[in-house]
Amino acid sequence: MFTALTIAGSDSSGGAGIQADIKTMIAHRVYAMSAITALTAQNTTGVSGILNVSPEFVGEQIDSVFTDIPPHAVKVGMVSSASIAQVIAQKLKEYQAKNIVVDPVMVSTSGSRLISEDAIEVLKKELFPLATVLTPNIPEAEVLAGMSIQTPEEMEQAAQWIGEHFGCAVLCKGGHQVNSANDYLWQKDGGCWFYGKRIQNENTHGTGCTLSSAIASNLAKGYSLEKAVEQAKHYLSLALEDRMDLGKGSGPLNHAFAIAGNYAD
């Protein structure tokens, strides 16, 4: 059985964060485990509160996973404080974690800020260099690269700068109005585009969490990074095409659109 660990915040409405990660991993037939960094009170309209877990307890959760069921891949999502970021980096180094996918979550789909400035600096210094791949969207890539991104060429430039600066692969996601649904993957031996059609669906809560968890699931199963991204992007597109409609704001995806079995009816 392939295994994966998600280290992220909890979304009380179930559309993003830990909940989206676990649903995605299950859909990929990967055994999902979690270390929760924060509790959030949120729904499809926004985030009303964040309660950080203590850094010590985040570390204890990670210890419990690695010392019993070592994960084949790790996804890191919402890390809202510098001290939590430091503990995560320390533990991933200690256990020599492999296939680390870091989604640099800074702002929720609804526009709520989820991370402090000092936490961003620790992520850059301690965590990003451990990543197999970073998965920033356009606004996040602009922050990390320190440049405006308006064109596909600028996506490539930003991804290359981020990758060379932090020593990891970078998937720059183009879903934020730059070039429809096309994403650019930079690796040290070259880059490639993943093309997709824009799906007319306003319900996009948790898309970033879902994509990064799908990539981690595919890496856990032994796929190359390019194949893992390709498969993950296909899964996300089909989940969007399902057009589930819940909530009053930007609703969640149907992560279970492809699940079938004895208990499906």
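Because the structure is a prediction, the values reported are computed rather than measured.

Helix length check: helix α8 (residues 225-241), at 17 residues, gives a terminal C-alpha distance of 24 Å against a target of 24 Å (1.5 Å per residue), a fit within 8%. Within α8, the full set of buried residues consists of Leu 225, Ala 228, Val 229, Ala 232, Lys 233, Tyr 235, Leu 236, Ala 239 and Leu 240. Projection of α8 onto a plane perpendicular to its axis shows the buried side chains occupying an angular sector of 165°, all on one side. Looking at the buried side of α8, the elements it contacts are α1 (17-27), β6 (133-134), β7 (169-173), β8 (183-187), β9 (190-194) and α7 (207-220). Phi turns positive one or two residues past the end of α8, at Arg 243, with a value near 55°.

In this section: the sheet that holds β8. An order of β3-β2-β1-β4-β5-β6-β7-β8-β9 is seen for the 9 strands of this open sheet, with the pairing classed as mixed. The sheet is open, and its two edges are formed by β3 (46-52) and β9, each paired on a single side. As defined by bridge partners, β8 adjoins β9 across 5 bridges and the pair is classed as antiparallel. If you follow Trp 186 over to β9, its bridge partner there is Gly 191. Of the strands in this sheet, β1 (3-11), β2 (31-43), β3, β4 (73-76) and β5 (100-102) touch helix α3 (residues 82-94), which is tilted by about 170° from β4.

Considering all chains together, one arrives at 8 salt bridges under this definition. Close ionic contact of Lys 93 with Glu 126 constitutes a salt bridge, the shortest N to O distance being 3.5 Å. Taken together, the residues Lys 93 in helix α3 and Glu 126 in helix α4 (residues 117-127) connect sequence positions 33 residues apart. We classify Glu 126 as partly exposed; its relative accessible area is 24%. The closest approach of N and O atoms between Lys 173 and Asp 103, which form a salt bridge, is 3.9 Å. Placement of the pair is Lys 173 in strand β7 and Asp 103 in the loop between β5 and α4, with a sequence separation of 70 residues. Residue classification places Lys 173 among the buried positions, given a relative accessible area of 10%. Ionic contacts of the salt-bridge type, sharing partners, join the residues Asp 63, Lys 91 and Glu 94 into one network.

Definitions and cut-offs
Residues numbered from 1 in each chain as written. Predicted model: local features only at pLDDT ≥ 70, side-chain atom pairs only at ≥ 80, totals over all residues. Heavy atoms only, no water. Helix = DSSP H or I, 4+ residues; strand = E, 2+ residues; numbered from the N terminus. Expected span 1.5 Å × (residues − 1). Buried < 20%, exposed > 50% of the residue type's maximum accessible area, 1.4 Å probe, protein only. Arc of directions from axis to C-beta. Contact = heavy atoms within 4.5 Å. Pairing = 2+ DSSP bridges. Axes fitted to C-alpha atoms, helices over the stretch in contact; angles between N-to-C directions. Salt bridge = Lys/Arg side-chain N within 4 Å of Asp/Glu carboxyl O.

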